[in-house]
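Here is how the chains run, residue by residue.
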Amino acid sequence: MQSDGAGQAATPPTPATRPQVVAHRGASADNAEHTLGAYVAALAAGAEALECDVRLTADGHLVCVHDRKLRRTASRRGVVSTMELAELAELDFATWKNPWSDLDDEAPERDEEHDRVLTLRRLCEVAADHDRRVELAIETKHPTRYSGLVERRVVETLRHFGWDRAGSPARVMSFSFTALQRVERLAPGVPLVMLLERAQYWPALRRMIGPDWLVGPGVEELAEHPSLGPRITRAGHGMHVWTVNTREQLDLCLELGVRAVITDRPAYVLQQLGA
């Protein structure tokens, strides 16, 4: 395998055979994750799908935030689930990524909307209004104080856009089997991705998940456990792999024939694929 930064393969895979490139929390290697700015950059790079994590606010809005606490991305104390959307909307979710940007006289002027908390509904609007098909990979975070209400709100949002049926550009992912079962009951046509954190969990999950469910292993688990990928494939499940950021990781995914790679670096991965 070639190392990160090496040249492309002599015969790049075609769009029909290569994996879909999914922007992990947007183009998050260079932009503050989960902000509108990160997703706009991902679309400009050519990302074919956008991945997001969602949490429920105290007043019932789904927001795209990974951590339950605000310390890392908003630089203040607080828990997302105990705050209302209006409170979160006052916070800066982008400065942490580049704290010295105010000292750069040549930096472009920032759009405040691109730096604030992003709701799932707004992200769906961005995808729906784009001039090409853009898919969404929505991860529900658990455990949470709101339990199954999160999945109900996700399905309600998808239903608003007509995306709660077969052919939907949206799919729902979770490390929680129970959460995905809820989505399956509420919207049977929406694709589901069972995220897999540890290879040793696979034997049990294989017997539990639906025959049409996708499986989302981490790329490091696939590398450390070479038999895992083929076992998932033999069981009849396509793979959406996270988080693929190097040439070596991408080569492994190509060897395994995965359906989607979730990456912080969509522009880089697309370039490596010859897209």
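These remarks concern the structure in this document. Predicted model, so just to flag it, every value in this text is computed and none were measured.

### Regarding the packing of aromatic side chains
Turning to step 1, where the next piece is worked out: One pass over the full model with this rule turns up three aromatic pairs.
Turning to step 2, where the next piece is worked out: Between Phe175 and Trp242, the aromatic rings sit 5.8 Å apart at their centres with planes inclined by 90 degrees, giving edge-to-face as the arrangement. You can see Phe175 sitting in the loop between strand S5 (170-174) and helix H6 (177-186) and its partner Trp242 sitting in strand S8 (residues 240-242), a full 67 residues away along the chain.
Turning to step 3, where the next piece is worked out: A residue is classified by how much of its surface remains accessible, and Trp242, at 24% relative accessible area, is partly exposed.
Turning to step 4, where the next piece is worked out: The ring of Trp96 carries Arg72 above its face, with NZ or CZ at 5.6 Å from the centroid.
Turning to step 5, where the next piece is worked out: Here Arg265 stacks its cationic end above the ring of Tyr268, 3.9 Å away from the centre of that ring.

### What to know about helix H10 (residues 247-256)
Turning to step 1, where the next piece is worked out: Burial in H10 covers these residues: Arg247, Gln249, Leu250, Asp251, Leu252 and Cys253.
Turning to step 2, where the next piece is worked out: On the buried face of H10, the contacting elements are helix H8 (219-224), S8, strand S9 (260-263) and helix H11 (266-272).
Turning to step 3, where the next piece is worked out: Gly257, located one to two residues past H10, shows a positive phi value of around 70 degrees.

### Re a positive patch on the surface
Turning to step 1, where the next piece is worked out: A grouping of Arg68, Lys69, Arg71, Arg77 and Arg145 is seen on the molecular surface, where their side chains present a positively charged patch.
Turning to step 2, where the next piece is worked out: For Arg145, a relative accessible area of 54% translates into the label exposed.

### Some words on the environment of Gly162
Turning to step 1, where the next piece is worked out: You can see Gly162 is positioned in the loop between helix H5 (149-160) and S5.
Turning to step 2, where the next piece is worked out: Taking the C-alpha atoms as reference points, Gly162 and His142, 20 residues apart in sequence, are found 26 Å from one another.

Calculation notes
- Residues numbered from 1 in each chain as written.
- Predicted model: local features only at pLDDT ≥ 70, side-chain atom pairs only at ≥ 80, totals over all residues.
- Heavy atoms only, no water.
- Phe/Tyr/Trp six-rings, centres within 6.5 Å; stacked < 30°, edge-to-face > 60°.
- Helix = DSSP H or I, 4+ residues; strand = E, 2+ residues; numbered from the N terminus.
- Buried < 20%, exposed > 50% of the residue type's maximum accessible area, 1.4 Å probe, protein only.
- Lys NZ or Arg CZ within 6 Å of the ring centre and 35° of its normal.
- Contact = heavy atoms within 4.5 Å.
- Patch = residues over 30% accessible without salt bridge, like charges linked within 9 Å, V, L, I, M, F, W, Y side chains within 5 Å.
- Areas by Shrake-Rupley, 256 points an atom, 1.4 Å probe, with all protein chains shown as cover.
- Salt bridge = Lys/Arg side-chain N within 4 Å of Asp/Glu carboxyl O.
- Lys, Arg positive; Asp, Glu negative; His and termini not counted.
- Charge placed at Lys NZ, Arg CZ, Asp CG, Glu CD.

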